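Listed below, chain by chain, are the residues.
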Amino acid sequence: MFDSIEEIEQKFAAHGYITDRHLATTVYLAASLGKPLYLEGEPGVGKTEVAKVLAKSLDTELIRLQCYEGLDTNLALYEWNYLRQMLEIRLQEARGVEKESIGTNIFDQEFLLKRPLLQAIQPHGPQPPVLLIDEIDRSDDEFEAFLLEALSDFQITIPEVGTIKAEQPPFVVLTSNRTREMHDALKRRCLYHWIDYPTLEKELNIILTKVPKIQETLSTQVCKFMELLRQEDFYKRPGIAETIDWANALLSLGIDELDQEVIETTLSCILKYKQDQEKLTDDNLQKALAITKNFKGGPVVSAQGSIN
């Protein structure tokens, strides 16, 4: 799929995703070894985006399976289109088809509703697709156990049709926000990578890439302020997604520089829980703003500039 790690870095950058050597190496190895890629990290750090950019880089289809509690194999694999089957039987009766022959074709694949896993095994295009199994930690133990077999063999058995095996296995990306610990058996089948919050320098590059019209002074202040927020004990620390949303919001408001009023009126872009907003008191906000405005750029020590 890829000739080198450098090619992954270049292609990801061309599609607006700023990666690092560690992630690019893990993606390269997953592609070379034909193993699923398991991405874990806090919400909003860009795990799902990896799968999207990977599909663009490979010029192939992205198939997404969104996990949730209660997800069963029918919704993940396939279902029969019962309405079409009943209609076919009625049409055959109306056409005077012999009684013994009525309904003999209703389990052909044309009556099969393909769900994400079957779509990934039987793709439309010439290239194997990227299968994104998003937020696998939200599914239950039974579905996780089912995935163990599916990811090992890339084949499914439909009683009325038979066994369907992938001619070319899809590139599988699993993401987890770690709301629960996954079983070792699943992780053993994958290459694992933890995506952390970005460094200030990396986040600044992301903002300048995703929000190209923003002034560098404002983008630096935004990234520095977000770095300070992530050092606090919030229920939900803001991720890269919130940084991009905030930068776009400030740009649309015509803001050139952060001040206390601007932060207070746009705080809902970055802190999505009332208790988190209440934790950011006037005193803490003023300290964070002072550190942000005094920051001139360059490498930042993570322990430097705490607002407490």
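In this text, all values refer to a predicted model and were calculated from it rather than measured experimentally. For every chain, the first residue of the written sequence is number 1, and numbering continues from 1 along that sequence. This being a predicted model, a pLDDT of at least 70 is required before a residue's local features are given, and a value of 80 or more before pairs of side-chain atoms are given or counted; all residues contribute to the totals for chains, interfaces and linings. Calculation of side-chain values draws on the structure's entire complement of heavy atoms; hydrogens and water are dropped beforehand.

1. Some words on the packing of helix 9 (residues 200-210) against helix 11 (residues 240-252)
Step number 1: At a minimum axis separation of 10 Å, helix 9 and helix 11 run at an interaxial angle of 45 degrees. Overall, the two elements helix 9 and helix 11 adopt an arrangement that is oblique. Handedness of the helix 9/helix 11 crossing: right-handed. Of helix 11, the residues touching helix 9 (which contributes Glu 203, Ile 206, Ile 207 and Lys 210) are Ile 240, Thr 243, Ile 244 and Ala 247.
Step number 2: Only Asp, Glu, Lys and Arg are considered charged in this grouping, and only Ala, Val, Leu, Ile, Met, Phe, Trp, Tyr, Cys and Pro are considered nonpolar; every other residue, Gly among them, is considered polar. Looking at the contact of helix 9 with helix 11, its residues break down into five nonpolar, one polar and two charged. Here an axis means a line fitted to C-alpha atoms, over the contact stretch when the element is a helix, while the angle between two N-to-C directions is reported on a 0 to 180 degree scale. Comment: elements are numbered from the N terminus, with helices defined as DSSP H or I runs of at least four residues and strands as E runs of at least two. Roughly parallel refers to an angle under 35 degrees, roughly antiparallel to one over 145, roughly perpendicular to one between 65 and 115, and oblique to any angle outside these ranges. Here is the rule for handedness: rotate from the far helix to the near one, and if that takes an anticlockwise turn smaller than a right angle the crossing is left-handed, while a clockwise turn gives right-handed. For this analysis, residues touch if any pair of their heavy atoms sits within 4.5 Å.

2. A word on unusual backbone geometry
Step number 1: A positive phi angle, near 55 degrees, is found at Asp 59, a position not held by glycine.
Step number 2: Here the phi dihedral of Arg 178 falls at roughly 60 degrees; this positive angle occurs in a residue that is not glycine.
Step number 3: Residue placement: Arg 178 occurs in the loop between strand 8 (171-176) and helix 8 (184-188).
Step number 4: The cut-offs for exposure are 20% and 50% of the maximum accessible area for each residue type, with area from a 1.4 Å probe on protein chains only; residues under the lower value are buried, those over the upper are exposed, and the others partly exposed. You can call Arg 178 partly exposed: its relative accessible area is 45%.

3. Thoughts on the environment of Cys 67
Step number 1: Looking at where Cys 67 falls in the secondary structure, it is placed in the loop between strand 2 (62-66) and helix 4 (73-76).
Step number 2: Distance from Cys 67 to Asp 140, taken between C-alpha atoms, is 9.2 Å for residues 73 residues apart in sequence.
Step number 3: Aside from chain neighbours lying at most four places away, what touches Cys 67 is Ile 133, Asp 134, Glu 135, Ile 136, Arg 138, Ser 139 and Phe 143.

4. Focus on the confidence of the model for the protein chain
Step number 1: Confidence scores here are pLDDT values: one per residue, from the predictor, ranging 0 to 100. Summing up the model confidence of the protein chain, the mean pLDDT is 89 and the portion of residues at 70 or higher is 96%.
Step number 2: The low-confidence segment residues 299-308 (pLDDT under 50) makes 23 contacts with residues lying over four places distant or belonging to another chain.

5. Side note on helix 2 (residues 21-33)
Step number 1: By definition here, a helix of n residues has an expected span of 1.5 Å times n minus one. The end-to-end C-alpha distance of helix 2, which contains 13 residues, comes to 18 Å, matching closely the 18 Å that a straight helix rising 1.5 Å per residue would cover.
Step number 2: If you check which residues of helix 2 are buried, you get Leu 23, Ala 24, Thr 26, Val 27, Ala 30 and Ala 31. Burial along helix 2 is one-sided: seen end-on, the buried residues are contained in an arc of 160 degrees. In this structure, helix 2 carries His 22 and Leu 33 as exposed residues pointing more than 90 degrees from its buried face.
Step number 3: Those residues of helix 2 hidden inside the fold are in contact with helix 1 (5-14), strand 1 (37-41), helix 3 (47-58), strand 8 and strand 9 (191-195).
Step number 4: Residue Asp 20 occupies the N-cap position of helix 2, its side-chain oxygen lying 3.2 Å from the main-chain nitrogen of His 22. The arc in question is traced by the directions running from the helix axis to the C-beta atoms. Think of a polar contact as two N or O atoms within 3.5 Å of one another; within protein, one of them needs to be a possible hydrogen donor and the other a possible acceptor, and neighboring residues in sequence only count if both atoms come from side chains.

6. Brief notes about the pattern of salt bridges
Step number 1: Any carboxyl oxygen of Asp or Glu within 4 Å of a side-chain nitrogen of Lys or Arg constitutes a salt bridge here. Summed over the entire model, instances satisfying the criterion amount to 20 salt bridges.
Step number 2: The partner of Lys 11 in a salt bridge is Glu 7, with the nearest N and O atoms 3.0 Å apart. With Lys 11 and Glu 7 both in helix 1 and four residues apart, the pair spans about one turn of that helix.
Step number 3: For Glu 7, a relative accessible area of 17% translates into the label buried.
Step number 4: When the shortest N-O distance is used, the salt bridge between Asp 134 and Arg 64 registers 2.6 Å. With Asp 134 in strand 5 (residues 130-134) and Arg 64 in strand 2, the pair connects residues that are 70 residues apart, well separated along the chain.
Step number 5: Under the relative-accessibility criterion, Asp 134 is labelled buried at 2%.
Step number 6: Connected through shared salt-bridge partners, Glu 40, Arg 178, Glu 181 and Lys 187 make up one network.

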